[in-house]
Amino acid sequence: MFRASLRSPIFSLRPSAAQSLNASRVIAARYLSQEARAQIQNAVESSPVVLFMKGTPDLPECGFSRAAVQVLDLHRVPPEKMKTYNVLADSELRSGIKEFSDWPTIPQLYVNGEFVGGCDILLGMHQSGELENILVANKVIPKVEEETEVQAASA
């Protein structure tokens, strides 16, 4: 899906004259094309919760991706409100998403188009209750009190 548009040239950036006296090295930087950035932005906004991971929710291929899926399952994020992308299926997406978010690791979680973080941040937010607050505030999951009231009323 992303492969063709994420191919971008690698530019060489030479250090300034003062720096080149101290070190004569060339720094390589890769830039996302506007088309690739737009495609990733569309993917990020395609669902209330978007997870870029290694593998799939049913078959994670990385312990960190498995942990991210488990945390979202603990919060009962409905499958219809979550979309996942397997970065192992597309190497250009794997590197492109890192450049897009300026975050070096996978998995990466987005809620309503906003970058939340990777596995460690997700776990920390889960433990502090902040993740639940974000999911409730963005209407991904109901408040715990609301859920309890609905269950009590149906019993």
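Scroll up to find the structure.
Quick summary incoming for the structure in this document. This is a predicted model, so every value here is computed, not measured. (Residues numbered from 1 in each chain as written. Predicted model: local features only at pLDDT ≥ 70, side-chain atom pairs only at ≥ 80, totals over all residues. Heavy atoms only, no water.)

### As for the overall build of the protein
What the protein contains, in helices and strands, is eight helices and six strands. When contacts within the protein are restricted to residue pairs at least 6 apart in sequence, long-range pairs at least 24 apart make up 61% of them. Surface summary for the protein: the accessible area is close to 9,400 Å², and the carbon and sulfur share equals 52%. (Helix = DSSP H or I, 4+ residues; strand = E, 2+ residues; numbered from the N terminus. Contact = heavy atoms within 4.5 Å. Areas by Shrake-Rupley, 256 points an atom, 1.4 Å probe, with all protein chains shown as cover.)

### Examining helix 3 (residues 34-44)
Turning to helix 3, its buried residues number three or more, namely Ala-36, Ile-40, Ala-43 and Val-44. Seen end-on, helix 3 carries its buried residues on one side only, within an arc spanning 100°. Those residues of helix 3 that are exposed and angled more than 90 degrees off the buried face are Gln-34, Glu-35 and Asn-42. (Buried < 20%, exposed > 50% of the residue type's maximum accessible area, 1.4 Å probe, protein only. Arc of directions from axis to C-beta.)

### Quick look at the environment of Arg-76
Tracing the backbone through its elements, the reader meets Arg-76 in the loop between helix 4 (63-74) and strand 4 (82-86). Expressed as a C-alpha distance, the spacing of Arg-76 and Val-140, which sit 64 residues apart in the sequence, is 9.3 Å.

Shape descriptors only; they carry no functional weight alone.
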